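Chain and residue survey
This is what each chain is made of:
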Amino acid sequence: MSVSNSSVSRMPMPVALASRVLPLLPLQLLLGICLREIRSRHPRIFDRLGSHTGKRYGLDPTDLPLAFVLEPRRMNPRVTVVRTLPPGVDARIAGPLSALIGMTDGSYDGDALFFSRDIQIDGDMEAVVALRNAIDDSRVDFLAESVAWLGPLATPIERLLRGLVAPPSFRQEMGVGGGG
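Residues numbered from 1 in each chain as written. Predicted model: local features only at pLDDT ≥ 70, side-chain atom pairs only at ≥ 80, totals over all residues. Heavy atoms only, no water.

Moving on: the packing of aromatic side chains. Throughout the structure, instances matching the rule amount to one aromatic pair. Between Phe-114 and Phe-115, the aromatic rings sit 5.2 Å apart at their centres with planes inclined by 80°, giving edge-to-face as the arrangement. Taking relative accessible area as the criterion, Phe-115 reaches 65% and is therefore assigned exposed. (Phe/Tyr/Trp six-rings, centres within 6.5 Å; stacked < 30°, edge-to-face > 60°. Buried < 20%, exposed > 50% of the residue type's maximum accessible area, 1.4 Å probe, protein only.)

A large share of strand E1 (residues 57-61) lies buried, amounting to four of its five residues. For E1 and strand E2 (residues 67-71), the ladder comprises three bridges, and the chain directions are antiparallel. Paired with Gly-58 across the strands is Val-69, a residue of E2. Following E1, the chain reverses through five residues before pairing antiparallel with E2. Alignment of E1 against strand E4 (residues 91-95), held across five bridges, turns out to be parallel. Paired with Asp-60 across the two strands is Ala-94, which belongs to E4. (Helix = DSSP H or I, 4+ residues; strand = E, 2+ residues; numbered from the N terminus. Pairing = 2+ DSSP bridges.)

Per-chain confidence: the protein chain averages 83 in pLDDT, with 88% of residues scoring 70 or above. Predicted confidence for residues 1-5 stays below pLDDT 50, and this span has six contacts to residues more than four positions away or in other chains. Within the model, pLDDT remains below 50 along residues 170-180, and this stretch shows 17 contacts once partners closer than five positions in the same chain are excluded. (pLDDT = per-residue confidence, 0-100. Contact = heavy atoms within 4.5 Å.)

Put into structure tokens, the structure is as follows:
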């Protein structure tokens, strides 16, 4: 049971329901392209992980019926979309998708999310701290970088995605309806 009065945005119910039947292959292909593009523009992004580059991180959005396995290897990083996390991930980070994304761009504070119980972390805490430090040091806007390869469609798609995952205050500024 959560004791926080969370201000973390939740994925809108229609999106969450639609993702139950969403085939994973198209999403997998899109995420693969996004990760390759980010890595090509920021080739040293995972260097800060040191010995943790071989770890498998389970990213578990609690407001969607799918999850992601991140393998931030230096030479061939990979993200895999799954319905449920497989056993054997080194660390699991679970919480609303907006919190998981918000920690990468600074719109949410990871420590505050952890202590308010909006996110849960299991497994290798040292690996999670290394991942967090690598992301913080990279200063990469992962959402913007993920859609940059779309050319002229990048800006409207980024705006749409930010509306879905942004903190409630940002959503109100944009005039986007509440998600939960």
